[in-house]
Amino acid sequence: MSELELLPTGWVLGTIEDSGEYINGFAFKPEHRSETGLPIIRIQNLTDENKPIHLTDIEVDDVYKVTDGDILVSWSATLDAFIWRRGMALVNQHIFKVVPETRLIEKKLLFYWLKIAIEDLQKTEHLHGSTMKHINRGPFMAHKLPFPPKPEQTKILEKLEELLSDLDNGIAELKAAKTKLKQYRQSL
């Protein structure tokens, strides 16, 4: 049975490349840093908001500019998809700025699809490097993605966000219970 036969009616099989434009960040050098200007998003700034952010005042093409809500994909070292939420910034090399093809896929759904695709790719021969893991652009862009019809995408997103909200609430309750347990143990 082919991959297309396994998809629900109305769904199409495409690739990551079909889902939008993937712009690799600018290759900033240490001498580009300054005391003022726009933040340079490095991989460590995606994985830890407490890491320092370097600034630059050099002029770069607008394609490297990122704003809140943009999808970023780290394809080297830490392999993952992120939503940027820290204002106007510039994307550094080893990070793709994703410009979704919204006629084909909703931006939020693409974010979740990319997280799944990256996890899948990490289990294949396409993962390279012994100390700093990375995925080459070709295999990444050729990775298959399912594209549901737009109305179904909306339903999937609604259910996914409901489940993730429940999960967040459960985690918050677990943390509160852990704090109470610690307090009870101290009082005993």
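This text follows the structure it describes.
Figured I'd write up the structure that's included with this text. (Residues numbered from 1 in each chain as written. Predicted model: local features only at pLDDT ≥ 70, side-chain atom pairs only at ≥ 80, totals over all residues. Heavy atoms only, no water.)

**Considering the sheet that holds strand β2 (residues 20–24)**
So, step 1. If you trace the four strands from one edge of the open sheet to the other, you get β2-β10-β7-β8, paired in antiparallel fashion. Each edge of the open sheet is held by one strand with a lone partner, namely β2 and β8 (80–83). Within the sheet, the average angular offset between the axes of one strand and its neighbour, ignoring direction, is 30 degrees.
So, step 2. In the sheet, β2 pairs with strand β10 (residues 95–100) via five bridges, with the strands oriented antiparallel. Along β10, the bridge assignment pairs N24 with F96. (Pairing = 2+ DSSP bridges. Helix = DSSP H or I, 4+ residues; strand = E, 2+ residues; numbered from the N terminus. Axes fitted to C-alpha atoms, helices over the stretch in contact; angles between N-to-C directions.)

**Some details on the sheet that holds strand β6 (residues 65–66)**
So, step 1. The strand order across the open sheet built from five strands is β3-β5-β4-β9-β6, with neighbouring strands paired in mixed fashion. Both edges of this open sheet fall to β3 (33–34) and β6, since each of them pairs with a single strand only.
So, step 2. Alignment of β3 against strand β5 (residues 54–56), held across two bridges, turns out to be antiparallel. The residue bridging S34 from the neighbouring strand is L55, located in β5.

**Describing the pattern of salt bridges**
So, step 1. Per the counting criterion, the structure on display carries seven salt bridges.
So, step 2. Across the salt bridge formed by D80 and K115, the nearest N and O atoms sit 2.7 Å from each other. Separated by 35 residues along the polypeptide, D80 in strand β8 and K115 in helix α3 (residues 107–121) bring together distant segments of the chain.
So, step 3. On the basis of relative accessible area, K115 is assigned to the partly exposed category, the value being 28%.
So, step 4. Its salt-bridge partner being E106, residue K150 comes within 3.1 Å of it at the nearest N-O pair. One end of the pair, K150, is in helix α5 (residues 150–187); the other, E106, is in the loop between β10 and α3, with 44 residues separating them in the sequence. (Salt bridge = Lys/Arg side-chain N within 4 Å of Asp/Glu carboxyl O. Buried < 20%, exposed > 50% of the residue type's maximum accessible area, 1.4 Å probe, protein only.)

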